[in-house]
Amino acid sequence: MVLPGVDCTKKFTPEDVALATITTFQRHLPVAVPGVTFLSGGQSEIVATTHLNAINKYEAVKPWGLTFSYGRALQASVLQAWRGKPENVKAAQEVFIHRARCNGLAALGKYEGEESAGAAAKSLFVKDHQY
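- Looking at an unreviewed UniProt entry, one finds the protein chain named fructose-bisphosphate aldolase and attributed to Geodia barretti.
- Listed in UniProt under the heading Pathway (unreviewed entry), the comment for the protein chain reads: "Carbohydrate degradation; glycolysis; D-glyceraldehyde 3-phosphate and glycerone phosphate from D-glucose: step 4/4."
- One UniProt comment on the protein chain, placed under Sequence similarities (unreviewed entry), says "Belongs to the class I fructose-bisphosphate aldolase family."

In structure tokens:
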């Protein structure tokens, strides 16, 4: 994922990130590579999800699968909800499911924000899988 450096003062949109990322891939990544798995790389949960979504929505030739393997961007809010307390396990599990659904939608270019992620994910994924 092509992101501005930490000292960069210019703000870039998710669409700018998508353009830079896909352009770089088209110029340098062989089509024989089956896929790219992004790490969150210090981005916040929502920013990482939004960038992944923009990359997958970007209309261009993309012969590679583009997905995520987020650690911090899946776990930060889960750990915050859990806080190591047994009574918080259910709430933490719900937060994790929500984050996973958001990123699942983003991997398809169908993430439209945190509020819409629950219903959208259920309509896409529950058809074929039981949760």
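1. A look at the overall build of the protein chain
Then step 1. In terms of helices and strands, the protein chain carries five helices and two strands.
Then step 2. When the helices and strands of the protein chain are placed in sequence order, the string is α-β-α-β-α-α-α.
Then step 3. The 131 residues of the protein chain split such that 32% are buried.
Then step 4. Relative to all contacts within the protein chain whose residues are 6 or more apart in sequence, the contacts with residues 24 or more apart total 63%.

2. Some details on the pattern of salt bridges
Oppositely charged side chains can form a pair if their charged atoms are brought close together.
Then step 1. Per the counting criterion, the structure on display carries two salt bridges.
Then step 2. Close ionic contact of Lys 90 with Glu 94 constitutes a salt bridge, the shortest N to O distance being 3.4 Å. Placement of both Lys 90 and Glu 94 in helix α4 (residues 89–107) is noted, with a separation of four residues, approximately one turn of the helix.
Then step 3. Overall, the relative accessible area of 57% leaves Lys 90 in the exposed class.
Then step 4. Across the pair Arg 99 and Glu 114 runs a salt bridge, and its minimum N-O distance is 2.7 Å. With a gap of 15 residues between them, Arg 99 in helix α4 and Glu 114 in helix α5 (residues 114–125) connect regions that are remote in the sequence. The residues Arg 99 and Glu 114 share a single accessibility class, namely buried.

3. Focus on the nonpolar core
Then step 1. Counting residues in hydrophobic clusters, the biggest one holds 18 residues, and the most contacted among them are Phe 25, Phe 38, Ile 55, Leu 66 and Tyr 70.
Then step 2. For this core, the secondary structure elements donating two or more residues are α1 (14–28), β1 (35–38), α2 (45–57), α3 (72–82) and α4.
Then step 3. Apart from residues lying up to four places away in sequence, Phe 25 is in contact with Val 36, Phe 38, Trp 64 and Leu 66.

4. Focus: α2
Then step 1. End to end, α2 covers 18 Å across 13 residues, agreeing with the expected 18 Å (1.5 Å per residue, within 8%).
Then step 2. Those residues of α2 not exposed but buried are Glu 45, Ala 48, Thr 49, His 51, Leu 52, Asn 53, Ala 54, Ile 55 and Asn 56.
Then step 3. Considering only its buried residues, α2 is in contact with α1, β1, β2 (65–68), α3 and α4.

5. Considerations on the environment of Ile 55
Then step 1. Within the secondary structure layout, Ile 55 lies in helix α2.
Then step 2. Taking the relative accessible area as the measure of exposure, Ile 55 reaches 0% and is therefore buried.

6. Some thoughts on the side chain of Thr 49
Then step 1. Looking at where Thr 49 falls in the secondary structure, it is placed in helix α2.
Then step 2. Among the polar contacts listed, one links the side chain of Thr 49 to the side chain of Arg 99, at a separation of 3.0 Å.
Then step 3. If we ignore the near neighbours within four places in the chain, the residues touching Thr 49 are Tyr 70, Arg 99, Cys 102, Asn 103, Ala 106 and Tyr 111.

Here is what the cut-offs are and how they apply
- Residues numbered from 1 in each chain as written.
- Predicted model: local features only at pLDDT ≥ 70, side-chain atom pairs only at ≥ 80, totals over all residues.
- Heavy atoms only, no water.
- UniProt positions renumbered as here; feature names shortened; annotations may be inferred.
- Helix = DSSP H or I, 4+ residues; strand = E, 2+ residues; numbered from the N terminus.
- Buried < 20%, exposed > 50% of the residue type's maximum accessible area, 1.4 Å probe, protein only.
- Contact = heavy atoms within 4.5 Å.
- Salt bridge = Lys/Arg side-chain N within 4 Å of Asp/Glu carboxyl O.
- Core = buried A, V, L, I, M, F, W, Y, C linked by side-chain atoms within 4.5 Å.
- Expected span 1.5 Å × (residues − 1).
- Polar contact = N/O pair within 3.5 Å; in protein donor to acceptor, adjacent residues only side chain to side chain.

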